[in-house]
Amino acid sequence: MNILLSIAFVGAWSSGFIGAKLGSGSAPAVTLLMWRFLPLALVLGVVALTATRASWRGLTPRVLVRQAAVGALSQSGYLLTVYYAIELGVSSGTTALIDGTQPLVAGALAGPLLGLPVSRRQWLGLGLGVTGVAVVTVADAGAGTGVAWWAYLVPFLGMLSLVAATFLDRRSRTDVRPMVSMTVHAVTSAVVFTALAAATGAVTPPASGSFWTAVVWLVVLSTFGGYGLYWLILRRSGVTKVNTLMFLMAPVTAVWGALMFGEPFGTQTVVGLALGLLAVAVVHRGDRHDHHSHHSHHDRHARDRDGQDRQQPPAPGSFTPRRSAWHRARSSSRRPERPVRATPTAGPGSG
């Protein structure tokens, strides 16, 4: 079951890049995004007023404003750059690989921004990931597609927007349920993209069937499929499993884009994607080693404390705090030992 869920998640999440490519030829990016988010916001708004009303209780305006800001960064800013880059001609695989470095960048920045330790393996993984991105980008740019050089900088802006959203969300002290955050993000994006479309005169959708096929594709398969499976796998298998699967999006998208749209997929692309996967393997191997060392040290400490407790009874009124057995999946947790992960909206397949 876990294997089938993982395959379905990778396919659904990768489909967001393909859906963006599918709709890019029929309408401007803001038009496609507006009509993607308007029905989604409407559906989620109705659900919020009926089935999930209890999830909204106790949330202050400040919490909702923070979630709106996270949504503006992780949905509006990020998706606009992804769709615009693909509209400019950047291949879907290259865009997916650039955006896929977000967890590596966030992990490396966790030291200076959050005061968390950053290992040499994380820096090595970031270096390998960036090298892979450079190799694939050069291969894509040299394929004779006529794409302007600055178009390849657009996905980097989206990746940095995701990084900013990750840290803003992590600094929150309030645990917000996934359905609530998804609703706030979708409504925020619907407002942003409607305003942009109105300002640029791009509100009216085209009558072409490919446009509406892309909208249905993105709402049903990419949003509900990708986002729903994200949280299901996160709760069943944990953060490490999800982060590992997130890095499979680039090679899957690159192959999918080559087969469906004839996008370039040569030796350099394979080498770059392999470097990206190697970066993930290096970082996660280090994470597992650090995790095992941490728990071994904790177990030895517990045994030592246990022996001391047998020899000396606790003082009256003293207590030993216990960690909760329930691990929160939300990235708003403030526990310093928890790794920085991708936000649940880290891809066109979310939100």
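Rules of the game
- Residues numbered from 1 in each chain as written.
- Predicted model: local features only at pLDDT ≥ 70, side-chain atom pairs only at ≥ 80, totals over all residues.
- Heavy atoms only, no water.
- Salt bridge = Lys/Arg side-chain N within 4 Å of Asp/Glu carboxyl O.
- Helix = DSSP H or I, 4+ residues; strand = E, 2+ residues; numbered from the N terminus.
- Axes fitted to C-alpha atoms, helices over the stretch in contact; angles between N-to-C directions.
- Parallel < 35°, antiparallel > 145°, perpendicular 65-115°, else oblique.
- Left-handed = near helix turned anticlockwise from the far one by under 90°.
- Contact = heavy atoms within 4.5 Å.
- Phe/Tyr/Trp six-rings, centres within 6.5 Å; stacked < 30°, edge-to-face > 60°.
- Buried < 20%, exposed > 50% of the residue type's maximum accessible area, 1.4 Å probe, protein only.
- Expected span 1.5 Å × (residues − 1).

Pulling in residues and values, what's your account of the pattern of salt bridges?
Scanning the entire structure with this criterion turns up one salt bridge. A salt bridge links Lys21 to Glu263; its shortest N-O distance comes to 3.6 Å. Residue Lys21 is located in helix 1 (residues 2-24), and its partner Glu263 is located in the loop between helix 11 (249-261) and helix 12 (267-311); the two are separated by 242 residues in the primary sequence.

Residues and numbers for the packing of helix 2 (residues 29-49) against helix 3 (residues 61-88), please.
One can describe the packing of helix 2 onto helix 3 by two numbers: an axis separation of 9 Å at closest approach and a directional angle of 135°. Taken together, helix 2 and helix 3 sit at an angle that is classed as oblique. The crossing of helix 2 and helix 3 is right-handed. Facing helix 2, whose interface residues are Ala29, Val30, Leu32, Leu33, Arg36 and Phe37, helix 3 presents Gln75, Leu79, Leu80, Tyr83, Tyr84 and Glu87.

Quick rundown of the environment of Val255? Include the residues and the values.
One can find Val255 in helix 11. Residues Val255 and Gly93, 162 residues apart in the sequence, show an inter-C-alpha distance of 7.6 Å.

Account for the packing of aromatic side chains, with residues named and values stated.
Considering all chains together, one arrives at seven aromatic pairs under this definition. Between Phe37 and Phe193, the ring centres sit 5.6 Å apart and the planes meet at 35°, which makes this aromatic pair tilted. Linking Phe37 in helix 2 with Phe193 in helix 8 (residues 178-199), this pair joins segments that are 156 residues apart in sequence. One exposure class covers both Phe37 and Phe193, and it is buried. Each ring, one from Trp217 and one from Trp256, has its centre 6.0 Å from the other, and the planes form 45°; the classification is tilted.

Lay out helix 8 with the relevant residues and their values.
With 22 residues, helix 8 extends 31 Å from end C-alpha to end C-alpha; this agrees with the ideal 32 Å at 1.5 Å per step. One or two residues past the end of helix 8 sits Gly201, with phi positive at roughly 70°.

Mind laying out the environment of Trp13, listing which residues take part and the relevant values?
Residue placement: Trp13 occurs in helix 1. For Trp13, a relative accessible area of 1% gives the class buried. Note: C-alpha distance between Trp13 and Gly225 (212 residues apart in sequence) is 7.5 Å.

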